[in-house]
Protein chains: 2
Amino acid sequence: MKKMDRISITGYKPSGFVKKYQELIHDIMIPYQYRVLSNQEPNVSKSNVIENFKNAAKALRGEKHDSFYGMVFQDSDAGKFIEAAAYSLATFQDKELEKIIDEFIDIIAEAQDEDGYLNTRFTVQEKEKRWENLLEAHELYCAGHMMEGACAYYEATGKRKFLDVMERNAEHIYNKFIVNKAEGYPGHPEIELALMKMYRLTGNEHCLDLAKHFIDCRGVDPHFYEKERKARSWVVWGSNPSNYEYQQNNKPVRELSEATGHSVRAAYLYTGMADLASETDDKELFDACRRLWDNIVEKRMYVTGGIGSTHHGEAFTKDYDLPSDTAYAETCASIALMFFASRMLENEIKGEYADVMELAFYNTVLAGIQIDGKRYFYVNPLESIPGISGQVTSHSHVKITRPGWYDCACCPPNAARLIASLGQYAYSEKDDTAFCHMYASGDVEFKNGLKIECKTEYPYENTVNYKINGNGNMAIRIPNWSEKYTVNKNGAEINPENKDGYIYIPVCDGDEIGIELDMTPRYIYASEKIPYLTGKVAIAVGPTVYCFEGVDNDGDVFSLSVDTSKLPVVEEYDNDLLGGTRKMTVKGFKKEAQKGLYTSKAPTYTEKDLTAIPYHLWANRGENQMRVWMTEK
Amino acid sequence: MKKMDRISITGYKPSGFVKKYQELIHDIMIPYQYRVLSNQEPNVSKSNVIENFKNAAKALRGEKHDSFYGMVFQDSDAGKFIEAAAYSLATFQDKELEKIIDEFIDIIAEAQDEDGYLNTRFTVQEKEKRWENLLEAHELYCAGHMMEGACAYYEATGKRKFLDVMERNAEHIYNKFIVNKAEGYPGHPEIELALMKMYRLTGNEHCLDLAKHFIDCRGVDPHFYEKERKARSWVVWGSNPSNYEYQQNNKPVRELSEATGHSVRAAYLYTGMADLASETDDKELFDACRRLWDNIVEKRMYVTGGIGSTHHGEAFTKDYDLPSDTAYAETCASIALMFFASRMLENEIKGEYADVMELAFYNTVLAGIQIDGKRYFYVNPLESIPGISGQVTSHSHVKITRPGWYDCACCPPNAARLIASLGQYAYSEKDDTAFCHMYASGDVEFKNGLKIECKTEYPYENTVNYKINGNGNMAIRIPNWSEKYTVNKNGAEINPENKDGYIYIPVCDGDEIGIELDMTPRYIYASEKIPYLTGKVAIAVGPTVYCFEGVDNDGDVFSLSVDTSKLPVVEEYDNDLLGGTRKMTVKGFKKEAQKGLYTSKAPTYTEKDLTAIPYHLWANRGENQMRVWMTEK
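Residues numbered from 1 in each chain as written. Chains lettered and ligands numbered in written order. Predicted model: local features only at pLDDT ≥ 70, side-chain atom pairs only at ≥ 80, totals over all residues. Heavy atoms only, no water.

The final tally for this structure, using the stated rule, is 66 aromatic pairs over all chains. The interplanar angle of 85° and the centroid separation of 6.4 Å between the aromatic rings of Phe 73 of chain A and Tyr 141 of chain A together place this pair among those described as edge-to-face. One end of the pair, Phe 73 of chain A, is in the loop between helix H2 (49-60) and helix H3 (75-91); the other, Tyr 141 of chain A, is in helix H6 (residues 139-157), and 68 residues separate them in sequence. We note that Phe 73 of chain A, like Tyr 141 of chain A, is buried. Geometrically, the ring pair formed by Phe 177 of chain A and Phe 214 of chain A is edge-to-face, given 5.2 Å between the ring centres and 70° between the ring planes. One end of the pair, Phe 177 of chain A, is in helix H7 (residues 161-179); the other, Phe 214 of chain A, is in helix H9 (residues 205-217), with 37 residues separating them in the sequence. Per residue, the accessibility class of Phe 177 of chain A equals that of Phe 214 of chain A, and both read buried. Aromatic ring contacts, followed pair by pair, group Phe 17, Tyr 21, Phe 361, Tyr 362, Tyr 439, Tyr 458, Tyr 460 and Tyr 573 of chain A into a single cluster. Its guanidinium or amino end placed over the ring of Tyr 154 of chain B, Arg 160 of chain B lies 5.3 Å from that ring's centre, counting from NZ or CZ. A cation sits over an aromatic face here: Arg 232 of chain B above Trp 234 of chain B, 5.9 Å from the ring centre. (Phe/Tyr/Trp six-rings, centres within 6.5 Å; stacked < 30°, edge-to-face > 60°. Helix = DSSP H or I, 4+ residues; strand = E, 2+ residues; numbered from the N terminus. Buried < 20%, exposed > 50% of the residue type's maximum accessible area, 1.4 Å probe, protein only. Lys NZ or Arg CZ within 6 Å of the ring centre and 35° of its normal.)

So, on to the interface of chain B and chain A. How big an interface is tends to be reported as the loss of accessible area on association of its parts. With 57 residues of chain B at the interface, the matching set in chain A holds 57 residues. Around 4,100 Å² of area is buried between chain B and chain A when both sides are counted, 59% of it from carbon and sulfur atoms. Looking at the side of chain B facing chain A, the largest losses of area belong to Glu 528, Leu 597 and Tyr 598 of chain B, adding up to 20% of the total buried there. At the surface where chain B touches chain A, the tally comes to two salt bridges. Glu 528 of chain B is the partner of Lys 591 of chain A in a salt bridge, and the nearest nitrogen-oxygen pair spans 3.2 Å. If you look at where chain B meets chain A, you find 30 residue pairs in polar contact (both at pLDDT 80 or more). Looking at the side of chain B that touches chain A, the element that brings in the most residues is strand S15 (residues 522-526) of chain B, giving five residues. Relative to S15 of chain B, strand S21 (residues 598-599) of chain A runs antiparallel, the two being bridged by two bridges. Directly across from Thr 599 of chain A, in S15 of chain B, lies its bridge partner Tyr 525 of chain B. (Contact = heavy atoms within 4.5 Å. Buried area = accessible area lost by both parts, 1.4 Å probe. Salt bridge = Lys/Arg side-chain N within 4 Å of Asp/Glu carboxyl O. Polar contact = N/O pair within 3.5 Å; in protein donor to acceptor, adjacent residues only side chain to side chain. Pairing = 2+ DSSP bridges.)

Moving on, we come to the sheet that holds strand S8 (residues 463-469) of chain B. Residues and elements named next belong to chain B. The seven strands are arranged S2-S6-S7-S8-S14-S10-S11 in an open sheet whose pairing can be described as antiparallel. Edge strands, defined here as strands with exactly one partner in the open sheet, are strand S2 (12-14) and strand S11 (492-494). Each strand of the sheet is rotated relative to its neighbour by a mean of 20°, with strand direction disregarded. Here strand S6 (residues 442-445) runs beside strand S7 (residues 451-456); their pairing, made up of four bridges, is antiparallel. In the strand pairing of S7, Val 444 is matched with Ile 452. (Axes fitted to C-alpha atoms, helices over the stretch in contact; angles between N-to-C directions.)

Residues and elements named next belong to chain A. Its domain assignment divides chain A into domain 1 (426-517) and domain 2 (522-632). Inter-centroid distance (C-alpha atoms) of domain 1 to domain 2 is 34 Å. Contacts between the two partners involve five residues from domain 1, matched on the other side by eleven residues from domain 2. Together, the buried faces of domain 1 and domain 2 total about 620 Å²; carbon and sulfur atoms form 59% of this surface. When the buried area of domain 1 at its contact with domain 2 is split by residue, Pro 459, Tyr 460 and Trp 481 rank highest and sum to 89% of it. A salt bridge links Arg 582 to Glu 461; the shortest N-O distance between them is 3.4 Å. (Domains from an automatic or database assignment.)

Written out as structure tokens, the structure reads:
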């Protein structure tokens, strides 16, 4: 049984830090992405997403058309883009954008086959190959993203057209896999969580059944992809169908206990599993989710909330393999981890889930976007080494500045939809209780009638104030990093019980609740089981992990070490620094340059004030050394 | 002009440490390798080297025969094996081994074509493909190794048969590339240095001309391999012919200043260049060698004398990219670095060359061999992480125990020939001067008539004594790590001038010279330009780098740090430890296990005596954590 429900997507109007990012999405990223998707943006990888749908429609009508262009999963960008635009519409009134999306949806609708099939890659050409390659062809993945877009657009505008299209598409898939008993499960999980959204929005039981089907049958026959491969003569990339752990089909998902394989696929799958578990009160399935969660959080997650240690398959590797400089830590994977965390919260209300959700958001997710909103990281290393990163084969995936767009453009629209819908993660509700998981400044309207006005300069200030409209209860998360905190109600300090990281406070109309957190900078130490981090220390303030860039430290951070006997000082908020932030001054040492590659002469260290900035703001000032984990001295 | 000449290969009779290893080669490795080469050793990758020659002979006679088996460079194992056996014969009287080699040479001789061509891969089958694929087919590489074997066997036994075969083969190559002006240069350099050996031994000017030709034409046309690729329809592996830096043909070799590409190929090439430079007094060529040497030693060499940072192409990467745990540091590459160092010494007598030669020998080269002589490392990491090394794609090449044999078996016979000929590196001569580059215990007979008896337990003791027979001069290297040292002659301390790392002492018959070196354990610090080693320290005693293994440290070295304010203590020599060695006790700390992957709780450290062993002895006691670079505390 679900412990809480999401608020409506129109329920949160941002201010402060979140507003700044949501405006960036609305003002810059969405228009930019639309130009990319419609091939109007010069000097970036061609997208062709909209043309693909037009060509599919022409193909269905038997008209002359161009070839499909792009990755096999190109359609997913349409889903993610519309989803982001929908959330943005729910916040910002923008008739022009709505018109653009309506037109796009008209184009999409025309690309749907009579039987409900909708995928441009196998409609523009090679219809006979439909559903032959679940391992690689991403048809279910694209459908999932389109369903999410359809749900969001309906919620934002009340317009059903896209949702109707995707319900027909879901029915097509239902017929294929349930009625006609086609074997198999998605190579890239995602449709599971999308079908759960569809079910919750429409009540269509076929969507629930289908989500349950894909989850339940996965891994029951680990050899499915091998049989599938034998039955067809074509491949997309020629993926090895016997890579069971990588494919997350090594065993039935209820038996899993290690997060393996492609990290985005993994976290999408676990999200769908957690969705289904809360919806159907499936304890066994939840237990599997919990084991996977523990494996990630206790053994396979970066201190920045990044997951997926290697670019080989964009994947999880082994416990404690968390290299900083060759990290993959894809932006999408941290977004997926936020999804998973939010669904775990719906199963059990524990602050530890929101802690990770917040960690991923303020660090890896935001690091994915340049401050001007126009360039994006896919890979989020914890150390950048000019001359090696991007230059050496082992570091070939590590870029030291953000590129403009990618052939495989999964991350930018994913970040856009996540940020544009942050209210969905920050707030939820159950009965007469308003849950506050993240300190997102703004006005929140709960479906239960409560309204709150949250005022905070978080994550740059440690105070959060809520003004209540209506009667009920508030449940406010206290982050695990804030050992000390104070709570006051209408000016008087109160001591509400802290249950699993949440404080519960009954509220009446007009009440004012104030929270003061402990945002003293803190040093973070890694487990001795991570071999790469012996003797290293990271620094965080609240949810924000800091990093050291060359540009702030005389061009060189690798010769620096941190004096942990002294506390770092967070400087005043600086409007002019990196679009507005607070840098940090850390006492430390600089090793004097030594002669030769190796020497027996003991190094000389000089005291030095080191400067750190929030990790998510790195790489906004050209090519730079960057390091999160510093040597402790 | 050569500053010194090699001693004859029969000129050094080992005792002490070197004898132990030369006996291991003679008693264990050579018989083992012969069994492998003749397909008599079960449970290892099939070699088929000898059968290949038999089949080639049959093919030449038009008889029925089996297919060629193995890598395209399989013949090179024959050359290296005979070379090692020859050196071993020069030291140990072994008529049985000599008979085996004589028979093998008879087989080889029959596999030579009438025109002098000798390569089983393209004689057993596909004769029409000869010389079509210099990039990949390794014909010149194999010829080089066979020439080296032929030279060594002639020197060891006075038997000319193999040398005659290889002179005919050299003449065939001379006709092909000089007389008939075939374009191109070897994909895998090696024949250059082999031809220089042939020339020096036989005086055959064609060998010198050919070596010079391959060196001079390399990189003049960087597009040669591309043209070659276009002209043929077949490939071995499908190597990209446009990878100029990797192929070391990006520019004429005289213009090179960065060590690039496959590290063994690079160092073999530079060795041949240095050989030619000293032989022909070619200052420009020597200057290129010096630039390459500096680039390696100042920017691209591990503290263990390993080179080649990446398994991607077994190659050099970029300056200061020297990761410990994903190091390639191939055994063969350190052997090749010793070759290069020895040839640089023949150009200019500077201790820095011998320092590196010794460093590579006592660390990476010896680490290549298990103490029982039966298992070998190809890859020599500076950190071994059970659970990650060998398990994760980025670490897939890193083995944590030595395998028995390899499909690509380059390292074991290469280590055998190097160790069996150590006298060639330890000693050399010029006019009436005897040069001592490495402290190799034993009796040395110089061609100039001097004889010395060197007595030392080096590298486990710091005293070296020489007893002189004859009159002349001794030039003894003082290692760069021994800042202090004393020299005495016939019991009285003397203060000979130290010129570029060598002390020169006139000696008369009966003189006794004693050297006492400073073998206090020393901490080694890496340049701040190596990002992976900030805050790290290594420990060495004399030429020996030490490492920490789990088995000596309660199973866990990653939680340990070293207290560099205290000096390590080298324990008494222990006959029973790892075949005889001295372990080291180091004061340090153990971090108490922390709860969770990351914590803000400052770690607790407890004082602990840490145990280290010589790096070359690691991985002789099962699967273990191992670390060279420790955190300094």
